[in-house]
Protein chains: 2
Amino acid sequence: MPAAAKPSRRPPRVAATAQSMADKQREISISEFFTKNRHLLGFDSPAKALMTTIKEAVDNSLDACEEAGILPEVLVEIQPVGNGKRNGAEVEAILELEAEPEKLSRRKGAVAPVKEERYRVIVEDNGPGIVRQQVPRIFGKLLYGSKFHSLRQSRGQQGIGISAAGMYGQLTTGKPVVIVSRTAQQDRGHRFELMLDMKKNEPVVQKDEECDWERPHGTRVEIELTGSYKRGQHSVDVYLQQTAVANPHVRLVYRSPRGDEMIYPRAAAELPVAAHEIQPHPYGVELGMLLRMLKETKQRNLTGFLRHEFCRVGPKTADQILETAGLAPTKSPRHTDQDEVQRLMDAIAATKIPSPPTDCLSPIGEALVLAGLKQRLEAEFTTAVTRPPSVYRGNPFQVEVGLAYGGGLPADDLAQVLRFANRVPLLYQASACAIHKAVLTNNWRSYGLQQSRGALPSGPLVIFVHIASVWVPFTSESKEAVAHYPEIVKEIRLALQEAGRQLQIHIRRRVREREALKKQGYIQKYIPHIGDALRDMLHLDEGERTEIIATLTDTLERSRKI
Amino acid sequence: MPAAAKPSRRPPRVAATAQSMADKQREISISEFFTKNRHLLGFDSPAKALMTTIKEAVDNSLDACEEAGILPEVLVEIQPVGNGKRNGAEVEAILELEAEPEKLSRRKGAVAPVKEERYRVIVEDNGPGIVRQQVPRIFGKLLYGSKFHSLRQSRGQQGIGISAAGMYGQLTTGKPVVIVSRTAQQDRGHRFELMLDMKKNEPVVQKDEECDWERPHGTRVEIELTGSYKRGQHSVDVYLQQTAVANPHVRLVYRSPRGDEMIYPRAAAELPVAAHEIQPHPYGVELGMLLRMLKETKQRNLTGFLRHEFCRVGPKTADQILETAGLAPTKSPRHTDQDEVQRLMDAIAATKIPSPPTDCLSPIGEALVLAGLKQRLEAEFTTAVTRPPSVYRGNPFQVEVGLAYGGGLPADDLAQVLRFANRVPLLYQASACAIHKAVLTNNWRSYGLQQSRGALPSGPLVIFVHIASVWVPFTSESKEAVAHYPEIVKEIRLALQEAGRQLQIHIRRRVREREALKKQGYIQKYIPHIGDALRDMLHLDEGERTEIIATLTDTLERSRKI
């Protein structure tokens, strides 16, 4: 490699040619891509990296437990590691220092690396465990997993998260990921130490051994990484708190780097209703995808293909589609040409097909949303709405909204928006999110709240929004914000409006009550004077005066009630 | 494949086991991943898909021309294609219909596919052309390109864009991408028709032939796709307009689907200063990356490694680093163990190394930013600021800001923010962008503007922000918004403040002038009366009265000027 040019002046332009440009063309490995674009995965700052690592591991634990029908018990532990292990007191000191950032001096020019904090993140569950052969690829290969190809609500969906966390750990500390796992079929556990080959995107097994483990089944992941433990709105603490709210069936133990232990007990004794896998819906399929499905199907004829590769297509619907397309039901899927596929597409679009089944979804439900809000917030009014399922690009999804208002909530701030997707709290990138957009563009003034143009409503209000889907379209791989599909924004807005109308009734009633009270106060103040005046004018005695005052007060009370 | 379950009630939970879950684990191809996550690439709606396709192709054309030192001439053409080709008048009719969306009826339940619009997008340039062997992979393979591994400001950087556009075209229309290219060395052009194998992420060449082409060198891409041609803020028209503003050296011809032709002539006769490739800066390298570089280097010893694989490391600095780390300069890079690498990391952090060279950047410059704003907007005041280069994660970057205020700009709206990254206009996802955040969190009231909490400032203001970097950290692969790296947000804010102070001076002066004018008006109104009063009191004649009025008016004028 030639020496780096270190010019003090800009050298003359050296024009590239087609040939010199061709020489620089190279394949980019997926791991290299995400290393450079780590913010896409949620690793752009040490604080976020710690949060994301825990989130990805907890997501996997909960998904695995639920899929196996096990009530989840999850342990999250963050151990400070360092040149001379940092103890709880030192972590406290760092936290205090960070609260006053001016105490932290950095060299000018933004080039000096600050001394790093290191943590070991441990997430352990009582799930079904992982079959030995699968461990290396699940934890050591990006784009590998079981949920990507399955249409069903789950927290993970991309096959990236946990491997990316391991990759980030390796990148910042050079340490392998440690996995201990045991399935119900095994007598002992197995323990892996894994690295990731960044060029090939393949796992490198450094250790693979049997080990004793007290759990009958479950998985434990340990990742050492450069991170930053912070408190506040975007912290691990808040994430786990909100996870407990949206997942009342989980028992969660959290050992923070400060050295304390926090236990979130189980608030619901049952698992949420199971989400079932569905086939794709014909309306969500595009030409290119249809071409590929026709090529790959094991079905021998077009009727079979339509009936068994899609949901909601019975024999009648299949016949109708094929008749409209002018294609023989017995025709082989593999031998359809492009023109025929286009006719099939048009015929699907022209045929009435019921919406996809929605048992692939598992919403939280209005009752549990309400309970969660009431438990966490001291509001004077709460309401919740679960919308019926809807569809975007063939994917079923469902929106839930909860509102908490008044009481002990801060009255002078902008409303707080709590965002959830498939029961996972979303803490970052609020303003990029379809949920935020829907809240922003809703007219909150009509409910009696204040709202500046282009801003969130202000007042003592917390807005809870949950979107459940077989495929939540996130704006990036880090799954922090929901993309602006118009169907999704519309459903969120409808849910907000439905809940908003309840809020409006409450606020109006409160305003009316306040006004009535004010009026009553006025009149009450004057009634004794009226009594005195009447006594003087009509020469009444003290008893009659008291009676008149009582009658007037009574009339006032009754008129107010009407 | 089993028949799809279509239950009317939710079936009982079938618990998965570790084994049944293992059976479903699969590798996910990068093309499958992006097909499902197409919104990450900017293809979530037909309108955006059309925009993104043109943007990716134009980015490539401009990059190639500039790299080859050619003044770019780019043709962009959007041809309506259809069942019975749609003509200009029909496109106009669609546009009108879309302006009144209630005219468009959709079936309830969001499941009915709407009749699609199809377009052929053509982008042609006078660039250096592409060497024949490279064409298939550049246009038919995701994550392949020349810019990813090179630290230099360019529009493209990921090796995804144009292949993704072709993939989207193929997915929605089943049609191949057509490429015609000719290099200066070739007598004739060559013409390709390409498809993308979605499972393997590899190009499939359908046609590869020589052809006649009148251009001496250049490239032409044709992609047929389902899209939607719209006008307004996010339109292709606006994108091309803004591209012309940020790239005054480009001659752009645009044939819209309406059938008209728009020519943006060249406003600057010279190419921007060339951006030079640099080596990575030691402060931007992490442990994992350093480990890998040590393994892959061709250098035989650590001194050579430090000097030739990084920028800003001369013999002295290299010696100093190695001494601090306690490593022999002659040691082989390949034989350093993890502990030694950690010491090397710490030594780098402890050594003072100059900031990376900044000739890898090519900002627009204050003069051209000002010229662009003045040409496009009828403002009464404009100002521009180009900040000195700064560094995030070892990557040099530079921020430019322009402000236009008053005059013909709409006074009642929120300010308009024009965002650019490496000279490319960013039209979507404004609220996800670090630029937006910096504008939002800046205190515009102190400059005399109105601003609600959590909202953009309001008033007759246009804010132009350009960030130039060797690696712009976008929030997603579609490159629509800049990620919130603190160093970047800080630099944008500093630039806004610098420009804001200029604006403040202008607004204050205007307010003062207005008040003085008001005062002057008052006094002017009373001067004749004072004259009359003095005449009556002092028994002056008409001449003396006129003289007094003139003196008073003159005094007033002079006092106002002070």
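About the cut-offs
Here the residue index of a chain counts from 1 through its sequence in written order. In the order they appear in the text, chains get letters beginning with A and ligands get numbers beginning with 1. Under the rules for a predicted model, residues below a pLDDT of 70 receive no local features and side-chain atom pairs below 80 are neither given nor counted, while totals for whole chains, interfaces and linings still include all residues. Under the DSSP-based scheme used, a helix requires at least four consecutive residues in state H or I and a strand at least two consecutive residues in state E, with every element numbered from the N terminus. By this rule, a helix spans an expected 1.5 Å times one less than how many residues it contains. A residue pair is marked as a contact if its C-beta atoms, positioned from the backbone, fall within 7 Å. Ten residue types, Ala, Val, Leu, Ile, Met, Phe, Trp, Tyr, Cys and Pro, are classed as nonpolar, four, Asp, Glu, Lys and Arg, as charged, and the remainder, Gly among them, as polar. Any two strands with at least two DSSP-identified bridges between them are counted as paired. Using C-beta atoms placed from the backbone, we call a residue buried if 20 or more other C-beta atoms fall within 10 Å of its own, exposed if 12 or fewer do, and partly exposed for counts in between. As annotated, the domain borders come from an automatic or database domain assignment. Angles run from 0 to 180 degrees between N-to-C directions of axes, and those axes are lines fitted to C-alpha atoms, restricted for helices to the stretch in contact. For classification, angles of less than 35 degrees are called roughly parallel, those exceeding 145 degrees roughly antiparallel, those between 65 and 115 degrees roughly perpendicular, and all remaining angles oblique. In a left-handed crossing the near helix is turned counterclockwise from the far helix by less than a right angle, and in a right-handed crossing that turn is clockwise.

1. Some remarks on helix α3 (residues 46-67) of chain B
Counting along an α-helix, one turn takes 3.6 residues, and residues three or four places apart therefore face a common direction.
Then comes step 1: Along its 22 residues, α3(B) runs 32 Å from first to last C-alpha, staying within 8% of the 32 Å computed at 1.5 Å per residue.
Then comes step 2: Once α3(B) finishes, B:Gly69 follows within two positions and takes phi at roughly 70°, a positive value.

2. Some points on the interface of chain B and chain A
Then comes step 1: Taken together, the 99 residues of chain B in the interface contact 97 residues of chain A.
Then comes step 2: A per-class count over the side of chain B that touches chain A returns 51 nonpolar, 31 polar and 17 charged.
Then comes step 3: Relative to strand β1 (residues 26-27) of chain B, strand β4 (residues 144-145) of chain A runs antiparallel, the two being bridged by 2 bridges. Paired with A:Gly145 across the strands is B:Arg26, a residue of β1(B).

3. Thoughts on helix α7 (residues 236-246) of chain A
Then comes step 1: With 8 of its 11 residues buried, α7(A) lies for the most part within the structure.
Then comes step 2: Within the sequence span of α7(A), burial applies to A:Val236, A:Tyr239, A:Leu240, A:Gln242, A:Thr243, A:Ala244, A:Val245 and A:Ala246.

4. Details of the domain arrangement of chain A
All names here are of chain A.
Then comes step 1: In terms of domains, chain A is made up of domain 1 (32-90 + 116-264), domain 2 (282-350), domain 3 (366-498) and domain 4 (508-561).
Then comes step 2: For domain 1 versus domain 3, the separation of C-alpha centres amounts to 28 Å.
Then comes step 3: Each partner contributes to the interface: domain 1 provides 24 residues, whereas domain 3 provides 20 residues.
Then comes step 4: Listing elements by their share of the side of domain 1 that touches domain 3, those giving two or more residues are α3 (46-67) and α7.
Then comes step 5: A total of 6 residues in the side of domain 1 that touches domain 3 trace back to one element, the largest contributor, which is α7.
Then comes step 6: Class assignment for the residues of the side of domain 1 that touches domain 3 results in 10 nonpolar, 10 polar and 4 charged.

5. Things to note about the pairing of strand β18 (residues 461-469) of chain B
Residue and element names in this part refer to chain B.
Then comes step 1: Counting buried positions over the 9 residues of β18 gives 8, a clear majority of the element.
Then comes step 2: Examined bridge by bridge, strand β13 (residues 395-405) and β18 share 9 bridges and lie antiparallel to one another. Paired with Gln-398 across the bridge in β18 is Ala-468.
Then comes step 3: Of the pairings in the sheet, the one linking strand β14 (residues 416-421) to β18 comprises 6 bridges and is parallel in character. What sits directly across from Arg-419, in β18, is Val-465.

6. So, the packing of helix α10 (residues 315-325) of chain A against helix α11 (residues 338-350) of chain A
Residues and elements named next belong to chain A.
Then comes step 1: Following both chains from N to C, one finds α10 and α11 inclined at 125°, their axes separated by 8 Å at the closest point. Classed by the angle they form, the pair α10 and α11 counts as oblique. Along this stretch, α10 crosses α11, giving a crossing that reads as right-handed. Within the contact between the two elements, α10 uses Ile-321, Thr-324 and Ala-325 and α11 uses Arg-343, Leu-344, Ala-347, Ile-348 and Ala-350.
Then comes step 2: Classifying every residue of the contact of α10 with α11 by side-chain character gives 6 nonpolar, 1 polar and 1 charged.

7. As for the sheet that holds strand β2 (residues 73-81) of chain B
Residue and element names in this part refer to chain B.
Then comes step 1: Strand order in the open sheet formed by 8 strands is β7-β6-β5-β8-β3-β2-β9-β10, with mixed pairing between adjacent strands. Both outer strands of the open sheet, β7 (202-211) and β10 (261-264), are each paired with one neighbouring strand and no more. Strand-to-strand twist in this sheet, taken as the mean axis angle between neighbours without regard to direction, amounts to 15°.
Then comes step 2: Note that strand β3 (residues 117-125) and strand β8 (residues 218-227) share 9 bridges and pair antiparallel. By the bridge assignment for β8, Glu-124 is matched with Arg-220.
Then comes step 3: The strands that helix α6 (residues 161-173) touches are β3, β5 (177-182), β6 (189-197) and β8; relative to β8, the one it contacts most, it runs at about 40°.
Then comes step 4: The strands that helix α7 (residues 236-246) touches are β2, β9 (251-255) and β10; relative to β9, the one it contacts most, it runs at about 170°.

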